[in-house]
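Chain and residue survey
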Amino acid sequence: MLNASKLKTVAFHTLGCKLNFAETGMLAKQLNSELFSIASFDKYSDIYVINTCSVTENADKECKKLVRRCLQQNSNAQVVIVGCYAQLKPQEIAQIPGVRAVLGAADKFRLGEVLAELSLNTEVIVKTCDIETLDQYSASVSFGDRTRAYLKIQDGCDYNCSFCTIPLARGHSRSDTIQNVVTQAKELLHSGAQEIILTGVNVGDFGRKNQESFFLLLQRLSDLPIPRIRISSVEPNLLTTEIIDFVAAQQNVMPHFHIPLQSGNDAILALMRRRYKRKLYADKVLEIRQKLPDAAIGVDVIVGFPGETDEFFLETREFIQTLPVSYLHIFTYSERDNTVATNLGKTVSKSIRNQRNAQLRLLSEMKTRDFYRQFHDTIRPVLWEIPLADNLQTGLTDNYIRVIKHSSNAQAGTITSEKLIWQETENYHKLRLTAI
């Protein structure tokens, strides 16, 4: 074993989705502990690894900002860019001052080998694959705060929505096997995980090519003594009645659904190449609310898509307003290279896109406030996280409500039943329930 002072330090930063967090965790875990030690991204490090997203234009800009930040902390640092942005625009990234390696969809999982090559190369190392032929599946888990773990079960997507770069960045849909996922879940449980979040690009598509299914996976996982299993996101056309019924019947599968909508107008949904209409979406939400009245229901929505008129946007806003949902994730449409949407015409100005985003943010805050308030003076199970300063503890209920407690007694990683007290505040971004 080398002396710890001679180990090269590697710091990681993740942009984007929960799937990226799971993969970053695996990349860090795979590094040879006799050669590398993990450092904080906010501190001096020999090597910085940025796992990128490219869903929106802002993600690309954020990557460039982070590279500059790394060089401010260590002007001689070696910066490695991996992930979706790296797969889509490797040569563009290779031109960013300070970047020493660019690793795409397949090669990011060879990070350790590439880090060993850095000192031997003066040129930027660029490794990407032909995304159409990518059939490799790489299992990934992230277990950061020792309470909640992200477990990747699926990768890639076959849907080819007209606005989306994910099939270009991650390739076709492919899954792990139920047996492998169960084995990984057992290891996480043994390591102390209290909640496992199932992640992927399109988790509802799990197992389709292996003659398995997401429903069968949920059944197998629920048989394990995992305190909490949470589903990250499911397409509405893949969220079956049997899945909803199963979640309603299980104690350890959390009453929480995140269901992408994108638009409440059928004409825009067709232009987006989504595989459902607004009626199906509304039916799914109402079915959940009927069978799991306390469930959290999250919504993804895109504003400013080409062809979205004022009338179409108002239809979306009013549609969401009528739905008993809990919160929104709002994305402002941005043009992405090599997507069908860039050729649709009828572009919405960026100022109008931003105005529509602001309107839906306000609606989201109202939805969250209404959802939180109904649990005032009720008792819910709370999974406590690592304490903050001044004996301030935060946690999540089973139905995804963020709670806060002034206590030195609650232990991170424990689940306790707590009485929740609603706290009104002028800033809805700080909505919370206080546990007493």
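This report concerns the structure included in the present document. (Residues numbered from 1 in each chain as written. Predicted model: local features only at pLDDT ≥ 70, side-chain atom pairs only at ≥ 80, totals over all residues. Heavy atoms only, no water.)

Summing up its helical and strand segments, the protein chain has 13 helices and 20 strands in all. Taking 436 residues into account, the globule formula puts the C-alpha radius of gyration at 22 Å, and the protein chain, at 22 Å, falls close to it. Across its three principal axes, the protein chain shows a C-alpha extent of roughly 60 × 60 × 50 Å. Relative to its 436 residues, the protein chain shows a buried fraction of 54%. Once local pairs closer than 6 in sequence are excluded, the contacts in the protein chain between residues at least 24 apart make up 72%. (Helix = DSSP H or I, 4+ residues; strand = E, 2+ residues; numbered from the N terminus. Rg over C-alpha atoms; globule rule 2.2 N^0.38 Å. Buried < 20%, exposed > 50% of the residue type's maximum accessible area, 1.4 Å probe, protein only. Contact = heavy atoms within 4.5 Å.)

Contact geometry for helix α8 (residues 214-222) and helix α9 (residues 241-249): axes closest at 10 Å, N-to-C directions at 15 degrees. Judged on the interaxial angle alone, α9 and α8 are roughly parallel. Handedness of the α8/α9 crossing: left-handed. Counting all contacts with α8, which are made through F214, F215, L218, Q219 and S222, the residues of α9 involved are E242, I243 and F246. (Axes fitted to C-alpha atoms, helices over the stretch in contact; angles between N-to-C directions. Parallel < 35°, antiparallel > 145°, perpendicular 65-115°, else oblique. Left-handed = near helix turned anticlockwise from the far one by under 90°.)

Looking now at the sheet that holds strand β5 (residues 99-103). Read across the open sheet, the six strands follow the order β2-β1-β3-β4-β5-β6; overall the sheet is parallel. Across the chains shown, the open sheet's two edge strands, defined by having one partner strand only, are β2 (36-39) and β6 (125-127). Across this sheet, the average inter-strand angle for adjacent strands is 20 degrees, counted without regard to direction. Here strand β1 (residues 8-14) runs beside β2; their pairing, made up of four bridges, is parallel. Paired with A11 across the two strands is A39, which belongs to β2. (Pairing = 2+ DSSP bridges.)

Taken together, L271, V340 and L344 make up a surface patch of nonpolar side chains, about 190 Å² in accessible area. Tracing the backbone shows V340 in the loop between β15 (327-332) and α13 (350-373). (Patch = residues over 30% accessible without salt bridge, like charges linked within 9 Å, V, L, I, M, F, W, Y side chains within 5 Å. Areas by Shrake-Rupley, 256 points an atom, 1.4 Å probe, with all protein chains shown as cover. Salt bridge = Lys/Arg side-chain N within 4 Å of Asp/Glu carboxyl O.)

Here we take up the pattern of salt bridges. Following the criterion strictly, the structure yields 32 salt bridges and no others. The closest approach of N and O atoms between D398 and R380, which form a salt bridge, is 2.9 Å. Remark: R380 occurs in strand β16 (residues 378-384) and D398 occurs in the loop between β17 (392-397) and β18 (402-406); sequence separation between them is 18 residues. The residue E418 makes a salt bridge to K405 at a minimum N-O spacing of 3.1 Å. Of this pair, E418 sits in strand β19 (residues 415-423) while K405 sits in strand β18, placing them 13 residues apart in sequence. When its relative accessible area of 6% is taken as the criterion, E418 is described as buried.

Two elements, strand β14 (residues 296-303) and β15, share six bridges in a ladder whose sense is parallel. If you follow V299 over to β15, its bridge partner there is L328. Running through helix α12 (residues 310-322), the crossover from β14 to the neighbouring parallel element β15 is right-handed. (Right-handed = clockwise from strand over helix to strand, strands pointing away.)

Following the sequence through the fold, Q219 ends up in helix α8. The class for Q219 is partly exposed, based on a relative accessible area of 29%. A C-alpha to C-alpha distance of 48 Å links Q219 and G98, two positions 121 residues apart in sequence.

With 13 residues, helix α7 (residues 178-190) should reach 18 Å at 1.5 Å per residue; the first-to-last C-alpha distance of 18 Å fits that figure. Among the residues of α7, I178, V181, V182, Q184, A185 and L188 are the ones counted as buried. Angularly, the buried residues of α7 cover 165 degrees about the axis, an arc narrow enough to put them on a single face. For α7, the exposed residues lying more than 90 degrees away from the buried face are Q179 and H190. Count one or two residues on from α7 and you reach G192, which has phi positive near 105 degrees. (Expected span 1.5 Å × (residues − 1). Arc of directions from axis to C-beta.)

Our focus in this paragraph is the packing of aromatic side chains. Under the counting rule described, the total for this entry stands at nine aromatic pairs. For the ring pair F21 and Y150, a centre distance of 6.2 Å and an interplane angle of 40 degrees mean the geometry is tilted. In this pair, F21 is assigned in helix α1 (residues 18-30) and Y150 in strand β8 (residues 148-152), connecting sequence segments 129 residues apart. For Y150, a relative accessible area of 18% corresponds to the buried category. When the ring of F215 is compared with that of F246, the centres are 5.7 Å apart and the planes differ by 85 degrees; the resulting orientation is edge-to-face. Here F246 lies in helix α9 and F215 lies in helix α8, a separation of 31 residues in the sequence. (Phe/Tyr/Trp six-rings, centres within 6.5 Å; stacked < 30°, edge-to-face > 60°.)

Quick look at helix α5 (residues 111-118) now. Looking only at α5, the buried set comprises L111, V114, L115 and L118. Seen from one end, α5 has its buried residues packed into an arc of 105 degrees, which puts them on one side.

Before going further, it helps to spend a moment on the sheet that holds strand β11 (residues 195-199). The sheet built from four strands is open, its strands ordered β7-β8-β11-β12 with mixed pairing. Edge positions in the sheet fall to β7 (141-142) and β12 (228-231), since each has one partner strand and no second. One ladder, built from four bridges, connects β11 with β12; its direction is parallel. Bridging from a neighbouring strand, I196 pairs with I229 of β12.

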